[in-house]
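One-letter residues, chain by chain:
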Amino acid sequence: MQIAYTKEELRAGLQEARGKRIVFVPTMGALHAGHASLMRQARELAGEQGVVVSSIFLNPVQFDNAGDLAAYPQTPETDIAVCRECGVDVVFMPTPEMMYSADRSMVMEETHLSTVLCGASRPGHFAGVCLVVCKLFNLVQPTDAIFGKKDYQQLAILRRMVRDLDIPVVLHGAEIVREADGLALSSRNVRLLPEHRAAAPQISAALRAAAVAYAAGAAVEEVRGAVEHALKSIDGVRIDYVELVDAETLHAPVADDRMALLAVAAWFGDVRLIDNIELVRA
Ligand code: AMP
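Nothing here was measured: the structure is a model prediction, and the numbers come from that model. (Residues numbered from 1 in each chain as written. Predicted model: local features only at pLDDT ≥ 70, side-chain atom pairs only at ≥ 80, totals over all residues. Heavy atoms only, no water.)

Considering the packing of aromatic side chains
Alright, step 1. Per the stated rule, a full pass over the model turns up four aromatic pairs.
Alright, step 2. Relative to Phe 137, the ring of Phe 24 has its centre 6.3 Å away and its plane inclined at 70°; by these criteria the two rings are edge-to-face. Of this pair, Phe 24 sits in strand β2 (residues 22-27) while Phe 137 sits in helix α7 (residues 125-140); the two residues are 113 residues apart in sequence, bridging distant segments of the chain.
Alright, step 3. Take Phe 137: its relative accessible area is 3%, and that puts it in the buried class.
Alright, step 4. Ring centres of Phe 57 and Tyr 100 lie 6.3 Å apart, and the angle between their planes is 45°; this geometry places the pair in the tilted category. (Phe/Tyr/Trp six-rings, centres within 6.5 Å; stacked < 30°, edge-to-face > 60°. Helix = DSSP H or I, 4+ residues; strand = E, 2+ residues; numbered from the N terminus. Buried < 20%, exposed > 50% of the residue type's maximum accessible area, 1.4 Å probe, protein only.)

Written out as structure tokens, the structure is:
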């Protein structure tokens, strides 16, 4: 496995790979089994002939909250070991100074899907995501890239970016990896207080119950309201949003013959957790 610390090293490291299938998994590090699952899927997709590239870059531009950025865990040594175990060929680990010119003046803004859910409470977040992913796509020039459905809105927005800007890459969505008790794996979980960690699986339990009710024909507002009610009953939790929307447009209305998305965000102390589930009528 090769580690590229600069854009030049990355370019040199990928020279041989041009013309082959290149499968890319971008991350912000503090890698866990969710990231590892994406990397293994990338290895599978690339096959023996193809190349798997992963980036570990804590992108300051996508943080709308300086405290969240400062508290974000960073574990570069273990991250490198995880990449190696998962069969990654090239890891790209630049610094913010290498990624961004000090007088950067370009923005990359999606204007419809970014206005709702996390976009409504994290101004500038998705513009920062689109900017960094577009830059990474230009540097790596992958044929394929894999993103987790854990960040469902991010995946939907990146699909829109690739479509609207004709970026020549195929995006793949990967299922959410969860702890045994249902909590979606997240780099932020290590920051949860013990009582919050104990309560957090109630989010996924509420989502699972909602999926059953939705499949059985319950009304949209009834299903959404039940999840909100369940989250409100958790001590000390502050709900950011509970939304039930069309899974592709991320907006209402939700037609019965379309995939729906139930998405939540909630603060446990100073840690903001997100989770979601796809819903279909039986
Ligand atoms: P991050 O490092 O948080 O930017 O995440 C990097 C990639 O891993 C994104 O595509 C995430 O959606 C994905 N990811 C993070 N957590 C999980 C999870 N629990 N299951 C599946 N994918 C995940």
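As for the sheet that holds strand β7 (residues 237-246)
Adjacent strands of a sheet pair through backbone hydrogen bonds, lying either parallel or antiparallel.
Alright, step 1. Pairing is antiparallel across the open sheet formed by three strands, whose spatial order is β7-β8-β9. In this open sheet, the two edge strands, each paired with only one partner strand, are β7 and β9 (271-279). Between one strand and the next, the sheet's axes are offset by a mean angle of 15°, whatever the strand orientation.
Alright, step 2. The pairing of strand β8 (residues 260-268) with β9 spans nine bridges and is classified as antiparallel. (Pairing = 2+ DSSP bridges. Axes fitted to C-alpha atoms, helices over the stretch in contact; angles between N-to-C directions.)

Some points on the pattern of salt bridges
Alright, step 1. Taken as a whole, this structure holds 18 salt bridges when the rule is applied.
Alright, step 2. Of the charged contacts in the structure, one is a salt bridge between Asp 68 and Arg 188, with a shortest N-O distance of 3.0 Å. With a gap of 120 residues between them, Asp 68 in helix α3 (residues 66-71) and Arg 188 in the loop between β6 (170-174) and α9 (194-199) connect regions that are remote in the sequence.
Alright, step 3. By relative accessible area, Asp 68 is classed as buried at 13%.
Alright, step 4. Shared partners join several salt bridges into a network, and the residues in it are Asp 68, Arg 188, Arg 191 and Asp 270. (Salt bridge = Lys/Arg side-chain N within 4 Å of Asp/Glu carboxyl O.)

With respect to the site of the ligand
Alright, step 1. The full set close to the ligand counts 17 residues, and Met 28, Gly 148, Asp 151, Val 177 and Leu 185 are the nearest of them.
Alright, step 2. Contact between the ligand and Val 177: a nitrogen atom at 2.8 Å from a main-chain N or O atom of the residue.
Alright, step 3. In this structure, a nitrogen atom belonging to the ligand sits 2.9 Å away from a main-chain N or O atom of Leu 185.
Alright, step 4. For the ligand, whose accessible area on its own is 480 Å², the fraction buried by protein is 93%. (Near = heavy atom within 4 Å. Polar contact = N/O pair within 3.5 Å; in protein donor to acceptor, adjacent residues only side chain to side chain. Areas by Shrake-Rupley, 256 points an atom, 1.4 Å probe, with all protein chains shown as cover.)

Some words on α7
An α-helix turns once per 3.6 residues; consequently, residues spaced three or four apart project the same way.
Alright, step 1. Taking 1.5 Å per residue as the helical rise, α7 with its 16 residues ought to reach 22 Å, and the 22 Å between its terminal C-alpha atoms agrees with that figure.
Alright, step 2. In terms of burial, α7 is a largely internal element, 13 of the 16 residues being buried.
Alright, step 3. Looking one or two residues beyond α7, the residue adopting positive phi is Gln 141, at roughly 50°. (Expected span 1.5 Å × (residues − 1).)

So, the environment of Val 264
Alright, step 1. Within the secondary structure, Val 264 sits in strand β8.
Alright, step 2. Considering only alpha carbons, one finds Val 264 and Glu 243, 21 residues apart in sequence, at a separation of 6.5 Å.
Alright, step 3. Setting aside its immediate chain neighbours within four residues, Val 264 contacts Ile 203, Leu 207, Val 227, Leu 231, Tyr 241, Val 242, Leu 273, Ile 274 and Asp 275. (Contact = heavy atoms within 4.5 Å.)

Let's talk about helix α11 (residues 220-232)
Alright, step 1. Look at α11: 18 Å from first C-alpha to last across 13 residues, which is about the 18 Å you get at 1.5 Å a residue.
Alright, step 2. Within α11 the residues assigned to the buried category are Val 223, Arg 224, Val 227 and Leu 231. Burial along α11 is one-sided: seen end-on, the buried residues are contained in an arc of 95°. In this structure, α11 carries Glu 222, His 229 and Lys 232 as exposed residues pointing more than 90 degrees from its buried face. (Arc of directions from axis to C-beta.)

Some words on the packing of α7 against helix α8 (residues 152-164)
Alright, step 1. Relative orientation of the contacting elements α7 and α8 amounts to 55°, with a least axis distance of 11 Å. The pairing of α7 with α8 is recorded here as oblique in orientation. Both α7 and α8 take part in a crossing whose hand is right-handed. Two secondary-structure elements touch here, α7 through Phe 126, Val 129, Cys 130, Val 133, Cys 134 and Phe 137 and α8 through Gln 153, Gln 154, Ile 157, Leu 158, Met 161 and Val 162. (Parallel < 35°, antiparallel > 145°, perpendicular 65-115°, else oblique. Left-handed = near helix turned anticlockwise from the far one by under 90°.)

Here we look at the nonpolar core
Alright, step 1. In this structure, Leu 10, Val 53, Phe 137 and Met 161 are the most contacted members of the largest nonpolar core, which totals 49 residues.
Alright, step 2. Of the residues forming this core, the biggest block, eleven residues, is contributed by α7.
Alright, step 3. Shared between two domains, this core takes at least three residues from each, and those domains are domain 1 (2-174) and domain 2 (187-274).
Alright, step 4. If we ignore the near neighbours within four places in the chain, the residues touching Phe 137 are Phe 24, Pro 142, Ala 145, Phe 147, Met 161, Val 162, Ile 167, Val 169 and Leu 171.
Alright, step 5. The next biggest cluster of nonpolar side chains, apart from the first, holds 27 residues, and it includes Val 227, Val 237, Val 254 and Leu 279. (Core = buried A, V, L, I, M, F, W, Y, C linked by side-chain atoms within 4.5 Å. Domains from an automatic or database assignment.)

Structural notes on the sheet that holds β2
Alright, step 1. What the six strands build is an open sheet, ordered β1-β4-β3-β2-β5-β6; its pairing is parallel. Edge strands, defined here as strands with exactly one partner in the open sheet, are β1 (2-4) and β6. On average, each strand axis in the sheet is inclined to that of its neighbour by 25°, with strand direction left out of account.
Alright, step 2. Sheet topology note: the β1/strand β4 (residues 90-92) ladder contains three bridges and is parallel. Across the sheet, Ala 4 pairs through a bridge with Phe 92, a residue of β4.
Alright, step 3. Packing of α7 onto the sheet brings it into contact with β2, β3 (51-56), β4, β5 (144-148) and β6, and relative to β2 it is tilted by some 145°.

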